[in-house]
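Each chain, letter by letter, is given below.
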Amino acid sequence: MKDTYKVAVWATGGVGKYAIRTVTDRPNLDLVGVWVHSDNKNGKDAGELAGIDPVGVLATQDESAILGGDADCVVYAAPAPPRMKEAIGDLCRILAAGKNVVTTAIPGLVYPRGSLPAKVTDAIRGATDAGRSSLFSSGIEPGFGADLFPIALMSMSHKVYSVRGIEITNYSEYPAEYDMRELFGFGQPLDYRGGLMMPGVLRWGWGAAVTMVADALGVQLDDIRETCEFQATPRDIPTAFGLVEAGTVGATRARCIGVVDGVDVITIEHVDRIADDLAPDWPKGRTGGTDGIWRVVIDGEPSFDAEFEVGHRPGDSHNDHGLLATGMRAVNAIPWVCEAEPGIVDALHLPLTSPVGALHPHRDGISAF
């Protein structure tokens, strides 16, 4: 590996802001560019946009400044669900320009198979071939909590009968209105059939992660099936994305399930609420927690029931710490992605992407929050 990798950040929302802070804090990473969408961010110092001291790098709306610059890697942090075609186009241009990419934007890219249609993955591979570049997509889930975490646990297995990874989240503090209302369905009538209820959407999001777990076990899936159900909130609940009225969707439970020999063997499940007391019979953490928890239950020899919680200290925000963890799955992988062979790379085949330069015994450096 090189001593230093030059990094550009594409978009400065939640993940992009954390990426700027981390890249600026790491001795092996050098911030050399920032692309922004909005006019009011154009020309501002990246440090100001990230809420830290000036760093001497000015944000630009001119993508040619990034594509023609000397960055080894671009952290692509622009939102994708409401603008998927545009996001794929962005990635292809960046990759074809010879820039490696780490991203949290498109969950279906955490593994080369299982989610996205061939025309999408073929376009991305064509761009990586043209630019001799690599792309890595990850996050806290998918990318770790319900796929790589269970794979690591199963390295201790004699036999595995089934594996189930569960995200347990309270989304009341998450401000992305499109994701919350249109995709997850919060605040919609119980007969809403958009978002997660649409056939193929769950597979688009988590099919790649289910396939990665299957490949880790050396099995071929017969099918990937989807289930989704809603529960209503009995009262009005104010959230960061607006008011959710009584009688509308207040909790969602979605599952993407890999089937082998007619048996549900690999399940990725999301249990999401906007209040802790909603859907009391749905899965919770081992001690009853309903936010910031990723739990893995493996039926096998030995059996496992393991979990981790982000933002576990008093006063921590599960939402902020979860968003930070999502971004760090991408940023910490930059050296390995830059050294990888061209193409779509994944967590199953990359070395462990340890956070080089992250240790601060004296609690100095740039804080994430």
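Remember, it's a predicted structure, so these values are computed and weren't measured experimentally.

Caption draft 1: Main features of the state of the cysteines. Inspection of the entire model under this criterion finds 0 disulfides. Cysteine Cys92 is unpaired, with the sulfur of Cys73 as its nearest cysteine sulfur at 16 Å. Cys228 carries a free sulfur, and the closest cysteine sulfur to it, the one in Cys256, is 12 Å from it. Note on Cys228: relative accessible area 18%, which makes it buried.

Caption draft 2: View of the sheet that holds strand β7 (residues 159-170). Taken together, 6 strands build an open sheet; the order of strands is β8-β11-β12-β7-β13-β14 and the sheet is mixed. Each having just a single partner strand, β8 (223-232) and β14 (304-309) make up the two edges of the open sheet. Strand-to-strand twist across the sheet, computed as the mean angle between neighbouring axes with direction ignored, equals 15 degrees. For β8 and strand β11 (residues 249-260), the ladder comprises 10 bridges, and the chain directions are antiparallel. By the bridge assignment for β11, Asp223 is matched with Val259. Lying on the sheet, helix α8 (residues 201-216) is in contact with β7, β8, β11 and β12 (263-273); it crosses β11 at an angle near 45 degrees.

Caption draft 3: Molecular detail of the packing of aromatic side chains. On inspection of all chains with the given rule, the structure shows 11 aromatic pairs. Three or more aromatic residues joined by ring pairs form one cluster here, namely Tyr171, Tyr174, Phe184, Phe186 and Phe241. The residue whose ring lies beneath Lys17 is Tyr18, and the NZ or CZ to ring-centre distance is 4.9 Å.

Caption draft 4: Spatial organisation of the environment of His37. Locating His37 in the fold gives a position in the loop between β2 (29-35) and α2 (46-50). Sequence-wise, His37 and Trp10 are 27 residues apart; in three dimensions their C-alpha atoms are separated by 8.9 Å.

Caption draft 5: A look at the pattern of salt bridges. Within the structure shown, the criterion is met by 15 salt bridges. The partner of Asp305 in a salt bridge is Arg295, with the nearest N and O atoms 2.6 Å apart. Note that Asp305 is positioned in strand β14 and Arg295 in strand β13 (residues 293-301), a separation of 10 residues in sequence. Since its relative accessible area comes to 30%, Asp305 is described here as partly exposed. Take Arg295: its relative accessible area is 18%, and that puts it in the buried class. Each of Glu63, Arg83, Asp90 and Arg93 takes part in salt bridges that share partners, so that together they form one network.

Reading guide: rules and limits
- Residues numbered from 1 in each chain as written.
- Predicted model: local features only at pLDDT ≥ 70, side-chain atom pairs only at ≥ 80, totals over all residues.
- Heavy atoms only, no water.
- Disulfide = S-S within 2.5 Å.
- Buried < 20%, exposed > 50% of the residue type's maximum accessible area, 1.4 Å probe, protein only.
- Pairing = 2+ DSSP bridges.
- Helix = DSSP H or I, 4+ residues; strand = E, 2+ residues; numbered from the N terminus.
- Axes fitted to C-alpha atoms, helices over the stretch in contact; angles between N-to-C directions.
- Contact = heavy atoms within 4.5 Å.
- Phe/Tyr/Trp six-rings, centres within 6.5 Å; stacked < 30°, edge-to-face > 60°.
- Lys NZ or Arg CZ within 6 Å of the ring centre and 35° of its normal.
- Salt bridge = Lys/Arg side-chain N within 4 Å of Asp/Glu carboxyl O.

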